[in-house]
Amino acid sequence: MNKLAQLDHKYVWHPFTQMRDWLKREPIVIAEGNGAELRDVRGRKFLDANSSIWTNLHGHNHPKITSAISKQLKKIAHSSALGFANEPASLLAQKLVEVAGPISVEQESSRAQIKKKSGLDRVSPHLNKVFLSDDGSTALEVALKLAYEFSRRTKKIKSPKFLSLDGAYHGDTVGAVSLGHIDLFHKAYRGLLFRTDKVAAPYCYRCKFNRAKPERDDARNYRQCNFECVGKFEQKFSAQKKKGNPFATFVFEPLMQGAAGMIPQPEGWLKQVSEIARANGALLIADEVMTGFGRTGKTFACQKENVRPDFLCVAKGMTGGYLPMAATLTTQKVFDAFLGEYHEFKTFFHGHSYTANQLGAAASLASLKILQSKKSIRARKILEKNLRAELQSLWQLPNVGDVRQVGLVVGIELVKNWRTRESFDLRDRAGIRVCEAMAKCGVLTRPIGNVIVIMPPYCTTQIQLKKMISAIRESIAAVFRN
Ligand SMILES: Cc1ncc(COP(=O)(O)O)c(C=O)c1O
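Quick caveat, the model's predicted, so the values are computed rather than measured.

Conventions adopted
Residues numbered from 1 in each chain as written. Predicted model: local features only at pLDDT ≥ 70, side-chain atom pairs only at ≥ 80, totals over all residues. Heavy atoms only, no water. Salt bridge = Lys/Arg side-chain N within 4 Å of Asp/Glu carboxyl O. Buried < 20%, exposed > 50% of the residue type's maximum accessible area, 1.4 Å probe, protein only. Helix = DSSP H or I, 4+ residues; strand = E, 2+ residues; numbered from the N terminus. Contact = heavy atoms within 4.5 Å. Near = heavy atom within 4 Å. Polar contact = N/O pair within 3.5 Å; in protein donor to acceptor, adjacent residues only side chain to side chain. Areas by Shrake-Rupley, 256 points an atom, 1.4 Å probe, with all protein chains shown as cover. Nonpolar A, V, L, I, M, F, W, Y, C, P; charged D, E, K, R; others polar. Core = buried A, V, L, I, M, F, W, Y, C linked by side-chain atoms within 4.5 Å. Domains from an automatic or database assignment. Buried area = accessible area lost by both parts, 1.4 Å probe.

A.B. asks: So what exactly am I meant to see when it comes to the pattern of salt bridges here?
C.D. replies: Oppositely charged side chains may form a pair once their charged atoms are brought near each other. For the coordinates displayed, the defined rule picks out 21 salt bridges. D21 serves as the salt-bridge partner of K24, at 3.4 Å between the closest nitrogen and oxygen. Here K24 falls in the exposed class, since its relative accessible area comes to 59%. By relative accessible area, D21 is classed as partly exposed at 26%. The salt bridge involving R429 is made with E436; its shortest N-O contact spans 3.6 Å. Judged by its relative accessible area of 26%, R429 is partly exposed. Look at E436 and you get partly exposed, because its relative accessible area is 30%. If you follow the salt bridges from partner to partner, you end up with R206, D402, R404 and E413 in one network.

A.B. asks: Would you mind going over unusual backbone geometry with me for this structure?
C.D. replies: Across the chain, the bulk of peptide bonds are trans and the bulk of non-glycine residues have phi less than zero. The phi angle at F16 is positive, at roughly 45°, despite the residue not being glycine. Positive phi, close to 70°, is recorded for L255, a residue that is not glycine. With respect to the element layout, L255 can be found in the loop between β7 (247-252) and β8 (256-257). Residue class for L255 comes out buried when judged on its relative accessible area of 7%.

A.B. asks: Any chance you could explain the side chain of E390 here in plain terms?
C.D. replies: Tracing the chain through its elements places E390 in helix α16 (residues 374-391). Of the residues examined, E390 reaches a relative accessible area of 14% and is grouped as buried. Setting aside its immediate chain neighbours within four residues, E390 contacts Q462, L465, K466 and I469.

A.B. asks: I tried to follow the site of the ligand on my own but got confused; where do I start?
C.D. replies: The environment of the ligand is made up of W54, D135, G136, S137, Y169, H170, G171, E253, D287, V289, M290 and K316. Between S137 and the ligand, the recorded distance is 2.6 Å, taken from a side-chain N or O atom to an oxygen atom. Within the side chain of K316, a nitrogen or oxygen atom sits 3.2 Å from an oxygen atom of the ligand. For the ligand, whose free accessible area comes to 390 Å², the fraction covered by protein is 86%. The class makeup of the residues in the shell around the ligand is four nonpolar, four polar and four charged.

A.B. asks: What is the right way to read the nonpolar core from this model?
C.D. replies: Nonpolar side chains in soluble globular proteins tend to be buried together. F250 and I412 are the most contacted members of the largest nonpolar core, which totals 74 residues. The greatest single-element share of this core, amounting to eight residues, is contributed by helix α18 (residues 462-480). Two domains each donate at least three residues to this core, and these are domain 1 (3-62 + 375-480) and domain 2 (76-372). Among all residues touching I412, those that are not within four sequence positions of it are L391, L394, V400, D402, V403, N450, V451, I452, I454 and I472. Formed by 23 residues, the second largest nonpolar core is a distinct cluster that contains A139, L144, V251 and F338.

A.B. asks: I tried to follow the domain arrangement of the protein chain on my own but got confused; where do I start?
C.D. replies: A common way to express how large an interface is: the accessible area buried when the components associate. Taken domain by domain, the protein chain comprises domain 1 (3-62 + 375-480) and domain 2 (76-372). When each unit is reduced to the centre of its C-alpha atoms, the spacing between domain 1 and domain 2 is 26 Å. Listed as interface residues are 42 residues of domain 1 and, on the opposing side, 39 residues of domain 2. Across the domain 1/domain 2 interface, buried area totals approximately 3,600 Å², and carbon plus sulfur atoms make up 56% of it. Contact with domain 2 buries surface across domain 1, with W54, W395 and R421 losing the most and accounting together for 21% of the total. If you look at where domain 1 meets domain 2, you find one salt bridge. A salt bridge links R206 to E413; the nearest nitrogen and oxygen atoms lie 2.8 Å apart. Run the count over domain 1 and domain 2 and you get 19 residue pairs in polar contact (both at pLDDT 80 or more). Elements with a contribution of two residues or more to the side of domain 1 that touches domain 2: α3 (51-54), α16, β13 (400-406), β14 (409-417) and β17 (451-454).

A.B. asks: Quick question: what am I supposed to make of the side chain of T445 here?
C.D. replies: Topologically, T445 is positioned in the loop between β16 (443-444) and β17. Under the relative-accessibility criterion, T445 is labelled buried at 13%. A distance of 2.6 Å separates the side chain of T445 from the backbone oxygen of V453, its partner in a polar contact. Excluding its chain neighbours within four sequence positions, the residues that come into contact with T445 are A49, N50, C435, M438, I452 and V453.

Structural data, given as structure tokens:
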């Protein structure tokens with residue numbers, strides 16, 4: 001076994017990994033990356049089909065991001081945000097406010113038209129305050145603490161209640177886990193958590209209201225319904241209101257729930273439920289840790305449904321996938337609730353050592369510039385279209401139940417039989433076995449249970465895309481022998 005692999009086996013404990021299984025085989029030790037390609041210490045090449053767990057945007061070793069980090073490094077790597085400001089963090093906060101506006105970067109030209117027509121020289125941003133932190137989980141911790149305290153201070157709610165979606169995953173810190181509803185990951189920690197409530201999320205492929213017959217075509221066009229799930233959502237809010245303690249905050253992943261199994265929300269669902277939540281006085285926390293920065297076709301998924309949250313949490317792709325950094329954007333109203341004289345102690349008592357880190361901020365600024373370029377916008381549109389076309393071939397496989405795509409995010413649900421939609425038991429390790437076979441074909445991704453995830457970096461070429469999809473096709477056929 002390679003020396004580095006031996007050291008890994010001896011000392012490293014990997015996340016979300018059964019280490020007994022891990023220790024049975026030699027790990028792939030990544031040494032380099034370039035574009036959508038990774039290379040290991042043995043010189044083998046692999047395609048990074050899940051963008052290194054949903055973080056990488058424009059490819060590895062992008063000259064502009066690498067150069068921005070090196071340039072910053074020559075000045076300073078890090079100084080504290082506790083007591084000091086710094087150049088890249090100030091510029092980044094301004095940029096995030098700009099791109100998170102109700103009008104996305106892809107609509108820049110129409111933004112200019114609006115300004116011209118209305119005579120306004122500025123489209124005023126709704127989310128204009130930025131709290132920087134380190135990871136998706138910390139971005140959520142910031143939002144939930146702010147929402148909790150804001151509700152207590154301004155609405156005089158004694159114990160503000162949170163509602164999130166069934167299958168929600170918002171990170172692994174204790175507050176973020178409290179918002180989550182995936183028993184496999186979260187049940188063990190119940191005793192440590194604060195209580196939150198959950199509401200059914202749409203899962204059209206397995207919808208209990210779905211009266212469509214299990215034909216191949218229905219799986220592709222299952223969006224013929226009367227939004228019964230929206231009705232249930234409304235009932236949940238009114239039932240809670242009757243108890244005299246209405247939900248203070250609704251937390252959601254917009255357009256697609258990631259760790260739940262890449263489950264898309266039908267068009268219009270998010271708009272309707274967020275309006276119901278608002279009408280009932282709840283604050284909205286949008287978790288765009290997975291969906292942000294162009295993954296779903298717009299800069300942010302909320303922009304696609306014209307939803308304006310009170311908190312927008314971003315991380316993963318913020319630095320282009322180069323360094324850990326996150327942000328929680330919020331409104332002037334929330335900010336103002338924490339203002340006061342020193343002795344009133346209204347301060348937001350929260351922060352991390354690396355908050356507003358200069359290297360991360362420099363990488364983020366470079367990544368956002370690439371994201372806004374015409375070249376990148378065009379490339380993403382073409383990649384999305386090609387991905388949709390390539391995925392069609394997977395419907396032929398009897399163990400593929402559903403193929404779900406939102407923008408550049410794909411979940412392929414494996415089933416025992418597409419007619420019955422019967423799921424594999426998790427103990428069958430169906431998703432893991434398919435991903436192991438894909439690695440042998442030179443394509444790396446990680447399953448979520450029985451769902452194979454494809455989330456290509458935006459620089460993925462057509463040849464690389466074809467290789468990713470044929471690896472899935474061949475691996476599914478090989479694992480299930482069909
Ligand atoms: C929607 C969502 N929120 C939060 C997180 C947590 O992010 P991190 O792993 O950076 O803490 C994740 C991670 O996958 C996520 O998908």
